[in-house]
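Structure assessment
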Amino acid sequence: MFSFTYAQQAVPFTTQKAFYIYGDATAIGNNILSKDKQTPYNDHLLTNDDIDMVYVDIDKDSSTFSSSSANLQLPDNQLKIAYAVLYWSATYSYIKGTRREENSQYYFQGNRQRNRSLINKIKLKLPDDNYQNISGKVLFDGAKHSAFALNAPYVCYADVTKQLQNAKIINGTYTVANINATEGFVSGGSAAGWMLYVVYETATKTPKYITTFNGFSHIGNDPEIIGLDNFKTPEKGLTTTDLVLATLEGDSVLTDDQCILANPTTKKTWQLRSEERDKDNFFSSQITSSNTLDSTRYPNSSNTLGFDIATVTLPTNKDAVIVNGTETVELIFNTKQDRFYLFFAAFETEISESFFKEIEINTPLNAVVLTSEKIIPEPDLTPLKKEVKVMEQPIVVISKTETKTIDKAQKALITVKPVTLKQPEKLIQPEKQEFVSPMTSEIATSKSQIETLAKGEVLITSSSYAKALKLEDKPLETQAFKLLLEKNAALIEGAKKGYYVVNKLFSEVKNAVNWQKHLKEKGYDSQILIDESKQLFYVYVFQTENFYDAYMQHKTLLSHPLFKQNWVFKVNMEEY
């Protein structure tokens, strides 16, 4: 059901549970490492690397060394628990780590925690109850993998469905204790927390597909793609869809991490975001429910220092990716500065009743069908309103030689060719560029610049480029330089202003991600600039607000076969 590529995947993601249900789901949780035992931590200027971590410990129980809590609040008529699973995750290389500074360099040390039998044993306290011991399954233990041994992250989980079904009280405060993690300092920072995910039955107008999957993947320099299927959304009306994601090590202050939802059929994409989460810093050490910060926790830190639980409700307006009849979508994870460990995701969407009936007969493997009584909608007595037609915005299609405006009638005649992943299709070609040899070493101002120029990797600054403008044998290049500098800037909402050295442009996000990976394999780092309004994806290798630097980086790369079609793209710039 799921396919993963590219990222450093220690444990492949697989479906844990899948439900076709008249019901819903929710997630609660909290972190268990912070700057103080009980005081909420709300500073967003520091990463967990720079904090002397201590265990959060809110109870007064001598049998626990770490504990934190969160509140579960289900409506009174929705207390029929179908499934409950508890996850906990932490970095646990040292028992307690220390850090010293020498010659502007940090050195970390500590006693290694070699007893890994401790990580899957914790305590759980249900509302108005006593602690009970929980032994979970070890999903991943980084101490057993050389690539992860430095901070040794781990993930465990336990099915606690029976505990909640037999609970005296379901709504109330849940406390999780004795999660082991590294206190003090560790290279890359220490982080830890827990999450309780609950699926419950309730009468609803339409059935839902709720699926959870887990694994362990290091999202770093390489992107990762997850495909989801085995569902079909209703044939009409708006479709409500939620995503729940849990990660370790996403920092609040580090940016440029993204999660993109893509519909491969309609080619529509949307970057996950909410009121509390920026689309370009999605995993930012927070615990959020839909569009709000989940503060029904103790302690209720706004910065959970490397532990993330994100619940996001997807748009149903013009930005909707999941529309009527959708049968498959993709989740794409990407980061530039930050790195994080993805270990849990849940996908919750309304499905058509006809599809639900088919599933009852042919239920997929590892799936459960629950047929609670559905709600019969009351008749709508609201007076009919006169329909108001809204004019569609024209679509602008850019080609090699011209720009055309296409109306709705013409749009119907446009066909989209299938795109193969091995050879990504390029939607737009820049205007034909006259090849100009890389700048000669006369322009370089130092020996190191001359050496790097010979390798095609130099970035010449505005001061050295001034010489190029004065060279009498470069009149054509100077003219091209001026024309490019004077071009109007493209306006892309949410994009950093500046000059982008763009290598290729795509109409489908998967192809952009594949090309980004290809450049990485060739030794060139890159990022993706997203224009959501036009559904265009620019793969660029350099970005700056200094035009001279961008132009010279572009010129020095032109000699390489991969970069013969580079161009400088001016975005959101009002000045040079």
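Anyway, here's the lowdown on the structure attached to this text. Everything numeric here is computed off the predicted structure, so don't read it as measured data.

Observations regarding the nonpolar core
Proteins that are soluble and globular tend to have nonpolar side chains buried together. Counting residues in hydrophobic clusters, the biggest one holds 38 residues, and the most contacted among them are Leu86, Trp88, Val160, Tyr174, Trp194 and Leu196. Broken down by secondary-structure element, the contributors of at least two residues to this core are strand 5 (67-72), strand 6 (80-91), strand 9 (121-125), strand 12 (153-159), strand 13 (172-177) and strand 15 (192-201). Listed in part, the 35 residues of the second largest apolar core include Tyr22, Trp270, Phe283 and Val312.

What to know about the pairing of strand 2 (residues 23-31)
Sheet faces and side chains relate simply in a regular strand, where the side chains alternate between the two faces. Counting buried residues in strand 2 gives seven out of nine residues, a clear majority hidden from the surface. As paired strands, strand 2 and strand 15 are joined by nine bridges and run antiparallel to one another. The partner of Gly23 across the bridge, within strand 15, is Glu201.

Topic: the packing of aromatic side chains
Taken as a whole and judged by the stated rule, the model has 24 aromatic pairs. Judged by centre distance (6.2 Å) and plane angle (35°), the ring pair of Tyr87 and Phe343 falls under tilted. With Tyr87 in strand 6 and Phe343 in strand 26 (residues 340-350), this pair connects stretches of sequence that are 256 residues apart. Here Tyr87 falls in the buried class, since its relative accessible area comes to 1%. Aromatic pair Tyr524 and Phe563: ring centres 4.7 Å apart, planes at 70°, arrangement edge-to-face. With Tyr524 in the loop between helix 7 (509-521) and strand 31 (527-531) and Phe563 in the loop between helix 8 (547-557) and strand 33 (567-571), this pair connects stretches of sequence that are 39 residues apart. Taken together, Tyr20, Tyr209, Phe231, Phe347 and Phe355 form an aromatic cluster joined through their ring pairs. Of note, Arg277 hangs over the ring of Phe282, and the distance from its end group to the ring centre comes to 5.4 Å. Positioned above the aromatic ring of Trp515, the side-chain terminus of Lys504 is 4.7 Å from the ring centre.

Observations concerning unusual backbone geometry
The omega torsion across Tyr298 and Pro299 is -5°, close enough to zero to call that bond cis. Although it is not a glycine, Ser285 adopts a positive phi angle of roughly 60°. As for its placement among the helices and strands, Ser285 is situated in the loop between strand 20 (268-271) and strand 21 (287-289). Ser285 sits in the buried class, given a relative accessible area of 1%. At Leu305, a residue that is not glycine, the phi angle is positive and equals roughly 50°. Note on placement: Leu305 falls in the loop between strand 23 (297-298) and strand 24 (306-313).

Description of the pattern of salt bridges
One pass over the structure, following the stated rule, counts 11 salt bridges. Its salt-bridge partner being Glu508, residue Lys267 comes within 3.9 Å of it at the nearest N-O pair. You can see Lys267 sitting in the loop between strand 19 (257-263) and strand 20 and its partner Glu508 sitting in the loop between strand 30 (498-506) and helix 7, a full 241 residues away along the chain. The class of Glu508 is buried, set by a relative accessible area of 10%. Here Arg277 ties to Asp308 by a salt bridge, and the two come within 2.8 Å at their closest N and O atoms. Residue Arg277 is found in the loop between strand 20 and strand 21, and its partner Asp308 is found in strand 24; the two are separated by 31 residues along the sequence. Judged by its relative accessible area of 2%, Arg277 falls in the buried class. Residue classification places Asp308 among the buried residues on the basis of a relative accessible area of 0%.

Calculation rules
- Residues numbered from 1 in each chain as written.
- Predicted model: local features only at pLDDT ≥ 70, side-chain atom pairs only at ≥ 80, totals over all residues.
- Heavy atoms only, no water.
- Core = buried A, V, L, I, M, F, W, Y, C linked by side-chain atoms within 4.5 Å.
- Buried < 20%, exposed > 50% of the residue type's maximum accessible area, 1.4 Å probe, protein only.
- Helix = DSSP H or I, 4+ residues; strand = E, 2+ residues; numbered from the N terminus.
- Pairing = 2+ DSSP bridges.
- Phe/Tyr/Trp six-rings, centres within 6.5 Å; stacked < 30°, edge-to-face > 60°.
- Lys NZ or Arg CZ within 6 Å of the ring centre and 35° of its normal.
- Salt bridge = Lys/Arg side-chain N within 4 Å of Asp/Glu carboxyl O.

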